[in-house]
Amino acid sequence: AGVVVAWRPPKGKCPLRCSCSKDSALCEGSPDLPVSFSPNLLSLSFVRTGVTQLKAGSFLRIPSLHLLLFTSNSFSVIEDDAFAGLSHLQYLFIEDNEIGSISKNALRGLRSLTHLSLANNHLEALPRFLFRGLETLTHVDLRGNPFQCDCRVLWLLQWMPTVNASVGTGACAGPAALSHMQLRHLDPETFKCRAIELSWFQTVGESALSVEPFSYEGEPHIVLAQPFAGRCLILSWDYSLQRFRPEEELPAPSVVSCKPLVLGPSLFVLAARLWGGSQLWARPSPGLRLAPTQTLAPRRLLRPNDAELLWLEGQPCFVVADASKAGSTTLLCRDGPGFYPHQSLHAWHRDTDAEALELDGRPHLLLASASQRPVLFHWTGGRFERRTDIPEAEDVYATRHFQAGGDVFLCLTRYIGDSMVMRWDGSMFRLLQQLPSRGAHVFQPLLIARDQLAILGSDFAFSQVLRLEPDKGLLEPLQELGPPALVAPRAFAHITMAGRRFLFAACFKGPTQIYQHHEIDLSA
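Scoring rules and cut-offs
- Residues numbered from 1 in each chain as written.
- Predicted model: local features only at pLDDT ≥ 70, side-chain atom pairs only at ≥ 80, totals over all residues.
- Heavy atoms only, no water.
- Helix = DSSP H or I, 4+ residues; strand = E, 2+ residues; numbered from the N terminus.
- Contact = heavy atoms within 4.5 Å.
- Disulfide = S-S within 2.5 Å.
- Buried < 20%, exposed > 50% of the residue type's maximum accessible area, 1.4 Å probe, protein only.
- Pairing = 2+ DSSP bridges.
- Core = buried A, V, L, I, M, F, W, Y, C linked by side-chain atoms within 4.5 Å.
- Phe/Tyr/Trp six-rings, centres within 6.5 Å; stacked < 30°, edge-to-face > 60°.
- Lys NZ or Arg CZ within 6 Å of the ring centre and 35° of its normal.
- Domains from an automatic or database assignment.
- Polar contact = N/O pair within 3.5 Å; in protein donor to acceptor, adjacent residues only side chain to side chain.

Some details on the environment of Phe460
Within the element layout of this structure, Phe460 appears in the loop between strand E36 (451–456) and strand E37 (464–469). In sequence terms Phe460 and Ser437 are 23 residues apart; their C-alpha atoms lie 9.6 Å from each other. Excluding anything up to four places from it in sequence, Phe460 contacts Tyr415, Ile416, Arg438 and Gly439.

Quick notes on the state of the cysteines
Enumeration over the complete set of coordinates arrives at five disulfides. The disulfide bridge from Cys18 ends at Cys27, spanning 2.0 Å between sulfur atoms. Across the S-S bond of Cys18 and Cys27 the torsion is about 105 degrees, and the bridge reads as right-handed. Note on Cys27: relative accessible area 0%, which makes it buried. At a sulfur-sulfur separation of 2.2 Å, the disulfide partner of Cys151 is Cys193. Measuring handedness by torsion sign, the sulfur bridge of Cys151 and Cys193 sits at about -100 degrees and is left-handed.

Let's talk about the pairing of strand E28 (residues 362–369)
Of all eight residues that make up E28, six are buried, and the element is covered over most of its length. For strand E27 (residues 351–359) and E28, the ladder comprises eight bridges, and the chain directions are antiparallel. Counterpart to Glu355 in the pairing with E28 is Leu366. As consecutive antiparallel partners, E27 and E28 are separated by two residues, and within that stretch Asp360 has a phi angle of approximately 55 degrees, a positive value. As defined by bridge partners, E28 adjoins strand E29 (residues 375–380) across four bridges and the pair is classed as antiparallel. Counted as the bridge partner of Leu366 is Leu376 from E29. In sequence, E28 turns back onto E29 through a hairpin of five residues.

Topic: the nonpolar core
Within the largest apolar cluster, 55 residues are counted, with the highest numbers of intra-cluster contacts made by Leu44, Leu68, Phe83, Leu92 and Phe131. Top element by residues in this core is helix H1 (residues 154–159). It accounts for five residues. Discounting chain neighbours no more than four positions away, the residues touching Leu92 are Leu68, Phe70, Phe83, Leu107, Leu110, Leu113, His115, Leu116 and Ser117. Ala491, Ala493, Ile495 and Ile514 belong to the second largest nonpolar core, which has 18 residues in total.

Thoughts on the packing of aromatic side chains
Considering all chains together, one arrives at 21 aromatic pairs under this definition. Their ring planes at 20 degrees and their centres at 6.3 Å tell us that Tyr91 and Phe93 sit as a pair that is stacked. Seen in terms of ring centroids, Trp237 and Phe502 are 5.5 Å apart; in terms of plane orientation they differ by 35 degrees. Their pairing is tilted. In this pair, Trp237 sits in strand E17 (residues 231–238) while Phe502 sits in strand E40 (residues 500–507), placing the two residues 265 residues apart along the sequence. Look at Phe502 and you get buried, because its relative accessible area is 1%. Linked through ring pairs, Phe46, Phe59, Phe70, Phe75 and Phe83 together constitute an aromatic cluster. One cation-aromatic arrangement involves Arg132 over Phe129; the distance from NZ or CZ to the ring centre is 4.6 Å.

Quick look at the domain arrangement of the protein chain
Put simply, an interface is often sized by how much accessible area is lost when its parts join up. Looking at the protein chain, the domain boundaries give domain 1 (18–191), domain 2 (216–296) and domain 3 (297–389). On a C-alpha basis, the centroid separation for the pair domain 1 and domain 3 is 68 Å.

A closer look at the side chain of Gln202
Along the chain, Gln202 falls in strand E14 (residues 194–204). What makes Gln202 buried here is its relative accessible area of 4%. At a separation of 2.9 Å, a polar atom in the side chain of Gln202 contacts the main-chain carbonyl oxygen of Phe244. Beyond its immediate sequence surroundings of up to four residues, Gln202 is in contact with Arg243, Phe244, Thr512, Gln513 and Ile514.

Structural notes on the pairing of E36
For E36, the tally of buried residues reaches six of six residues, placing the bulk of the element in the interior. Both faces of E36 are covered, namely the face carrying Asp451, Leu453 and Ile455 and the face carrying Gln452, Ala454 and Leu456. In the sheet, strand E35 (residues 443–448) pairs with E36 via six bridges, with the strands oriented antiparallel. When the bridges of E36 are listed, Leu447 appears paired with Gln452. Counting the residues that bridge the hairpin from E35 to E36 gives two residues, and of these Ala449 lies at a positive phi of roughly 55 degrees. Sheet topology places E36 next to E37; four bridges connect them, and they run antiparallel. The residue of E37 that forms the bridge with Ile455 is Val465.

Laid out in structure tokens, this is it:
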């Protein structure tokens with residue numbers, strides 16, 4: 001390529017500032033593109049030209065090319081389909097130029113290409129799928145470029161082991177921590193190139209104290225406890241409108257929690273109420289409406305504050321935390337058609353929250369109260385017995401647990417001060433992390449897709465979304481929820497519907513807000 005002999009093609013087949021032989025040409029200076037050469041030309045070289053960019057279709061008039069070389073030119077951009085029509089091209093050398101940008105479809109159609117060099121340019125990154133369709137590549141040279149070894153190079157690191165080609169990549173120019181490191185020595189597993197975002201999707205009118213997901217007849221549902229509206233509101237997905245819509249409501253004045261239970265074709269909903277007695281609603285089979293079937297422990301549940309579902313020895317049970325001095329937290333287990341008191345727990349302690357969990361392969365129950373530290377009970381001999389309490393955990397309003405990496409973690413909510421994260425060490429929960437609380441009634445862990453999140457609600461500031469970082473074993477800030485801002489959030493839950501993931505935020509002084517969970521690929 002570039003060897004000049006005396007032979008000249010017919011007039012008009014060798015542009016000005018180019019020297020041509022029988023099947024090759026070398027151009028210097030400033031030829032215009034697209035160029036006009038003999039249609040039988042095999043090799044073409046551009047050296048120190050004034051070409052500023054390679055536009056689409058620049059070489060359509062010379063489809064016979066086997067070799068194309070650009071050296072020491074001033075162009076900085078290669079557009080999509082710049083080499084369209086060159087289906088026989090085997091060698092493409094674009095070296096020592098000023099290229100800072102190359103379009104993702106710039107190399108489209110080069111199905112015979114074996115050797116590609118983009119060496120010694122100004123490329124900080126390459127677009128994903130740049131090499132898609134180049135199945136014949138055997139040599140790729142990317143050395144001498146100031147690659148920024150961030151998420152933009154991840155696809156390249158993942159691509160290199162999959163191709164039957166030698167790839168010269170050179171060293172990183174940045175970031176500072178990776179400067180001068182060879183790209184081939186980078187481990188793709190160390191790159192954190194996946195982000196998530198929770199964006200507002202829908203508002204459900206009326207305030208709510210609890211939100212619970214459940215699946216009935218193969219369809220996901222949500223039930224909200226709406227005390228001021230005096231009802232448990234069941235929502236389902238409207239496939240036509242692509243939104244959540246009310247499906248059924250259960251009259252329940254002063255309700256604080258609506259807890260669903262599905263047993264085969266039957267649906268039960270426990271409505272824990274401050275006044276008028278807590279009730280059990282039932283739907284024996286699909287097609288029927290829910291109807292009240294039972295008043296639950298009227299002498300024990302005087303001021304319920306929370307309700308949880310748990311399974312004990314294969315039977316479903318509810319535990320209702322009671323916050324009155326005269327009442328008591330009560331375990332209600334199924335007996336025949338209804339649920340009846342099995343055990344009273346923690347009398348006189350004004351419990352605010354109950355959390356069912358499994359430790360060491362056995363059912364446990366954690367009760368938080370206004371009068372003492374959270375107390376952990378374990379199931380033994382057909383009843384719950386006190387096991388231990390949580391040290392250094394005064395004034396805890398609620399507790400929620402999650403599992404990650406084989407460990408059990410606990411999120412403890414404190415209204416003012418520091419909410420806490422603890423980890424079970426085999427005998428007790430020990431402090432792992434403290435997070436400032438500003439009017440928090442809920443610190444809710446949620447596993448959404450592959451992410452272990454925790455949301456710390458606030459009555460006075462934006463609610464914070466945190467994500468567990470496996471390498472550190474700590475929760476790290478991810479984003480604030482809003483706009484719209486949450487007004488006194490009390491509960492969070494997530495549901496997957498039609499392949500989309502949603503987060504529900506029940507608020508005591510404002511409407512329930514629904515956010516959609518998005519995954520963002522930072523390497524794209």
